[in-house]
Amino acid sequence: MSLKDLVAPFMVWGRALQKPYTQKNPIITRPGADRYRGFHVNDIHKCVGCGTCEEICQNEAIDLVPVDGIETKHGDSGLRPKIDYGRCCWCALCVDICPTSSLGMSNEYIWIDSNPEVFRFIPGAENKTWDNSKKGYRRGEGYDLLEGQRVPMPMLSFEESQKTFIEMVQGFSREQALREADRCVSCGLCIATCPAHMDVPGYINAIRNDDMEEGLRIVYEANPLPASCGRVCSHACEDVCVMKHKGDALSIRWLKRYIVDRIYKGDYEKILSTGEAKNGKKVAIIGSGPGGLAAAYYLSLLGYEVTVYDSNEKAGGMIRYGIPEYRLPYEQVDKDIDYIKSLGVKIVQNTKIGEDLDFMELYNNNNAVFFSTGLKDPYGLDIPGEEFPGVTSGLSLLDDVTIGKTPDLGKSVVVVGGGNVAMDAARTSRRLNCEVTILYRRRIEDMPADVEEIHESQEEGCIIETQAIPLRIVKGDKTRLKLYWGRAEMVTDPKGGRPRPVLIEGSEEVIECDTVIPAIGQQADYSFLPEEIVNNIKFNRGMVEVNEYKQTGDLKIFAGGDIVNFKKDAISAIANGHSAAKGIDLYLNQL
Amino acid sequence: MVEKGCANLFTRSQKHINDNPKLPPIVNGRAKYNLESGKYLKIWQGPQHPGITGNMSLELTVCGDEIVDCKTHVGYLHRGFEKLMERRKYMQCFPIVCRIAVPEPDFNEYLFAATVEELAGIEAPERALWIRTLNLEMARLASFFMWLGGQSGSFGMNTQGQWTVTMRDYILDRFEELSGGRIYHMYMIPGGVRADLPSGFENRLLDTLKTCEKCLDDVELTMFNNSIFKKRSKGLGIIHPDIVDEFGITGPNARAAGFKRDLRKDEPYLKYDQLDFEIITGIDSDAYTRARVRLQEMYQSIDLIRQILAKMPKTGSFFTKLPNVLHWNIPEGQIYKKAECTRGEYGYYLRSDGSDKPRRIYVRGPSYTHAVSLMERLCIGGNISDTAGLMVSLHTYPPEVER
């Protein structure tokens, strides 16, 4: 033993005077650190119940459950995470991955209760003391497990696109599609919102697995027109995509298109099921738009002998005649329709029911009739001068271009309206070398057209005048027209509806142009229905009333498409066709 | 049992065995005795025993208070983490790995992240690598503090344990503000780390280091100069240099036997190649030398943390964007990564079959060799009252043996 060993203990005597290390809890409480992973908090009004937290939780501690006061709606499952603290390990992966950033953790760590049940709790819904705690773990800047930005779609430049009818959107490459598909969290909010309830996460998963055949099978389960829908669908799914809360929604529409683009038309037969054997029953379908074609496809899979009657030269209805080629090339419409035809669906063209063929003949010779004749009669502007030769309609312009006519629009065009038809008409006119002005009576944010359509039309050089109400059309020099229009102010609706444009008295401006194209909507034409049928079917404000299987008051007659639903888009018509097919099968098998 | 040519390194116990005709002969490293003879008694130390580092047990055969045979038993702490991970997506494995070695989860986090990153072809940003290095050294210091308390306590000195466990808690305070957790930090994630250093963190850490250094000085005075400690630990549990490779002994246990081996120097990972330090070794290879080596490594660790704080970039990204972790498929392949933890070589083997879940993860914890096979060997001939001190001097963690 050395001397140092002897004296060493006395060299630390100073410790006797030091304050004790320990704190007297609970007299002195010690809050958790600012970043402490304590009890969960959840802003339940920001949360949309996507279930990504449940998906990532490795302990399966999270369940999504209904919560009082939270309604299920589009983009919100109505469920909220319930966490089992007997399982939770406070790793905070749920917080990291939460796409809405509603989930977090407080720095609270003491919770005593004699009832073990309370430790399975719904953060944010149980009025805990830490609910509003600003401290505690949150996903910080510079760290993110999900990608908020979408992969940009290669497109023609606007300088190029306004001169050509070549398809603007060029489609994803394999690498781009894989990157975009990778962003999906498979929450399924899109399935609930899609009118046709397409299994979006399913086919996106197929893209990730590079299994296009599986992808096509999934797509065809709910949509027999994917080549068209993959281009022009109104994509309600993307409006509710949970990734929108992080930045951009997934490009669901383009991913669907990617699957279809990667499969050659001739291979469809090998990949898709051809359905049941023929059962000998006959169904007539009037109108070969998306509703009619979808009904035809699913009925034919169920073994029915289907004949589609259409007044145009080619099948497709609005998706062929109402959508310009630069958005939806005709060969893509053909790709969809040819496959439906290959299943044995007969399509009789150039046959207008009521003129070339009597409706009752169809009614009597078939077991059921489905009609989705769409909205074809454009509304007029209802102003003086609209009967002048230079005034046409958006639909007839699009129709003319489709059948190969080159309409003489002159040099400058005024399009009236703010819907997709108005945008299509404007951009088509632009491609026919016209100066285009769009007049719309409300504000730009009120336009029913797709946001990207509005943006692209502006980029292509269309001038949009909002809060503009056309007053009258007067003849100008030679074939020129003068469109007088007045400014409108937006008057809020006392009942809470959307603001109404009211003309500001005395305001008046004039545009000189060669052609005026009203595109303010269209209505249905039911003149082909004989009176005894009309009496059986109920109508409501120009629309046919149907039950959930799209069955009308006359049990043998089913209806779908724009004449039935308010959304008036292709995918809703397809969904109608699908449910009508189920309805017809149910009806005929019960007979 | 007699090792050739190393007479000066004979353990006290080995000499004792050879000199004492009453003890049973050793055949192939195992005592040969008849339990029925009435001369021997079988007792269990553990699995619940303060003298065992965690949940494992020693089945001891004693003759008087001398140990003639020892069998180690594990299995009380098996949680099946390696298997659990085969059923989880890669990112879901990340909260599991920290539980494999409770007192220093960071080595698991780092190695898991590094193996996944390497197979997936992802590079963590520069600053993340520095933060990880910082983290590992903080973990080393905290873990050694806990060991120091155990080592002094196992020889009956309870005071130092109180100090060192407090020091560990001060470091855990820093971990808490850095990562949000005291024990399971879950901070190093594939791709980098989960958050940047909080503001003012460096200064608070430097203050903590100062406190720790002062405490270490006191511990050195009162523990390493304590004659009881010296007497009991010197010559206890000598690891002969010849068996170091045979048993796969690494870390301070090997360095105390004179082996200049340290993965931080030999195969530098993270930012260790940019840090200035020497490998600390000892000669005598007994419990006292091992304790000395570890004490010096603690001072070294404090120095390393100061170096890291001075050298690391002050700003920059700390996380590389990963593919969507909900369906992250790692390319097919296999990899083994290792790091120098407080107890030696810590290794992670990862085998991927190209799916979103690991096909196999194997964890090499240095405690496995130290606690299971080496302990059996070193115990023999020792005194039953020294078992606790011997076990702690090997610095073993049963959770890492069992996973």
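Residues numbered from 1 in each chain as written. Chains lettered and ligands numbered in written order. Predicted model: local features only at pLDDT ≥ 70, side-chain atom pairs only at ≥ 80, totals over all residues. Heavy atoms only, no water.

Looking now at the overall build of chain A. The helix and strand tally for chain A stands at 21 helices and 22 strands. The burial tally for chain A puts 56% of its 591 residues in the buried class. The long-range share in chain A, meaning contacts at least 24 apart out of those at least 6 apart in sequence, stands at 71%. Accessible surface, chain A as shown: approximately 27,100 Å² in total, 49% of it carbon and sulfur. Computing the positive centroid from 69 side-chain charges and the negative centroid from 86, chain A places the two 5 Å apart. (Helix = DSSP H or I, 4+ residues; strand = E, 2+ residues; numbered from the N terminus. Buried < 20%, exposed > 50% of the residue type's maximum accessible area, 1.4 Å probe, protein only. Contact = heavy atoms within 4.5 Å. Areas by Shrake-Rupley, 256 points an atom, 1.4 Å probe, with all protein chains shown as cover. Lys, Arg positive; Asp, Glu negative; His and termini not counted. Charge placed at Lys NZ, Arg CZ, Asp CG, Glu CD.)

Attention now moves to the pairing of strand E8 (residues 333-341) of chain B. Residue and element names in this part refer to chain B. With nine bridges connecting them, E8 and strand E9 (residues 344-352) associate as antiparallel partners. Residue pairing across strands places Glu340 opposite Glu345, the latter belonging to E9. A loop of two residues connects E8 with E9, the two strands running antiparallel in sequence. (Pairing = 2+ DSSP bridges.)

Turning our eyes to something else, we now look at the sheet that holds strand E7 (residues 305-309) of chain A. All names here are of chain A. Read across the sheet, five strands follow the order E8-E7-E6-E9-E22 without closing on themselves; strand pairing throughout is parallel. At either margin of the open sheet sits one strand with a lone partner, and together these are strand E8 (346-348) and strand E22 (557-559). In this sheet, neighbouring strand axes are inclined to one another by 20° on average, regardless of whether the strands run parallel or antiparallel. Across four bridges, strand E6 (residues 282-286) lies against strand E9 (residues 368-371) in parallel orientation. Directly across from Ile286, in E9, lies its bridge partner Phe371. With respect to the sheet, helix H13 (residues 290-301) is in contact with E6, E7, E8 and E9, its orientation differing from that of E6 by roughly 165°. (Axes fitted to C-alpha atoms, helices over the stretch in contact; angles between N-to-C directions.)

Okay, the domain arrangement of chain A next. Splitting chain A by domain gives domain 1 (23-143), domain 2 (155-375 + 556-591) and domain 3 (378-522). Computed from C-alpha atoms alone, the centre-to-centre distance between domain 1 of chain A and domain 3 of chain A is 52 Å. (Domains from an automatic or database assignment.)

Let us look at the confidence of the model for chain B. Mean pLDDT over chain B works out to 86, with 93% of the residues at or above the 70 mark. In this model, residues 1-13 of chain B is a region of pLDDT below 50 whose contacts with residues beyond four sequence positions or in other chains number 28 contacts. (pLDDT = per-residue confidence, 0-100.)

Taken as a whole and judged by the stated rule, the model has 34 aromatic pairs over all chains. Taken together, a centroid distance of 6.0 Å and an interplanar angle of 90° make the contact between A:Tyr21 and B:Tyr170 edge-to-face. Placement of the pair is A:Tyr21 in the loop between helix H1 (3-7) and strand E1 (40-42) and B:Tyr170 in helix H6 (residues 159-179), with the two residues belonging to separate chains. Through a chain of ring-to-ring contacts, three or more aromatic side chains come together here, namely A:Phe39, A:Tyr85, A:Trp90, A:Trp111, A:Phe119, A:Phe121 and A:Trp130. The ring centre of A:Tyr326 lies 3.5 Å from the NZ or CZ of A:Arg431, which sits over that ring. Across the ring face of B:Phe277, the terminal group of B:Lys265 is positioned such that the distance to the ring centre comes to 4.2 Å. (Phe/Tyr/Trp six-rings, centres within 6.5 Å; stacked < 30°, edge-to-face > 60°. Lys NZ or Arg CZ within 6 Å of the ring centre and 35° of its normal.)

Residues and elements named next belong to chain B. One way to put it is that helix H3 (residues 90-97) packs onto helix H4 (residues 105-120) with a least axis distance of 9 Å and a crossing angle of 160°. As the angle between them shows, H3 and H4 are arranged roughly antiparallel. For H3 against H4, the interelement crossing comes out right-handed. Seen from H3, the contacting residues are Tyr90, Cys93, Phe94 and Val97; seen from H4, they are Asn108, Glu109, Phe112 and Val116. Here the residues of the contact of H3 with H4 are counted per class, giving six nonpolar, one polar and one charged. (Parallel < 35°, antiparallel > 145°, perpendicular 65-115°, else oblique. Left-handed = near helix turned anticlockwise from the far one by under 90°. Nonpolar A, V, L, I, M, F, W, Y, C, P; charged D, E, K, R; others polar.)

Okay, the interface of chain B and chain A next. Contacts between the two partners involve 46 residues from chain B, matched on the other side by 41 residues from chain A. Taken over both partners, the interface formed by chain B and chain A buries close to 3,600 Å², and the fraction arising from carbon and sulfur atoms is 53%. At the boundary of chain B with chain A, the tally comes to six salt bridges. The salt bridge partner of A:Asp5 is B:Lys230, with a shortest N-O separation of 2.5 Å. Those elements giving two or more residues to the side of chain B that touches chain A turn out to be H3, H6, helix H7 (201-224) and helix H8 (227-233) of chain B. The biggest single contributor to the side of chain B that touches chain A is H6(B), with 10 residues. (Buried area = accessible area lost by both parts, 1.4 Å probe. Salt bridge = Lys/Arg side-chain N within 4 Å of Asp/Glu carboxyl O.)

The next subject is the environment of A:Asp199. Residue and element names in this part refer to chain A. Inspection of the secondary structure assignment puts Asp199 in the loop between helix H6 (189-193) and helix H7 (200-208). Residues Asp199 and Ile218, 19 residues apart in the sequence, show an inter-C-alpha distance of 6.7 Å. For Asp199, the contacting residues outside a window of four places in its chain are Ile191 and Ile218. At a separation of 2.9 Å, a polar atom in the side chain of Asp199 contacts the main-chain amide nitrogen of Gly202. (Polar contact = N/O pair within 3.5 Å; in protein donor to acceptor, adjacent residues only side chain to side chain.)

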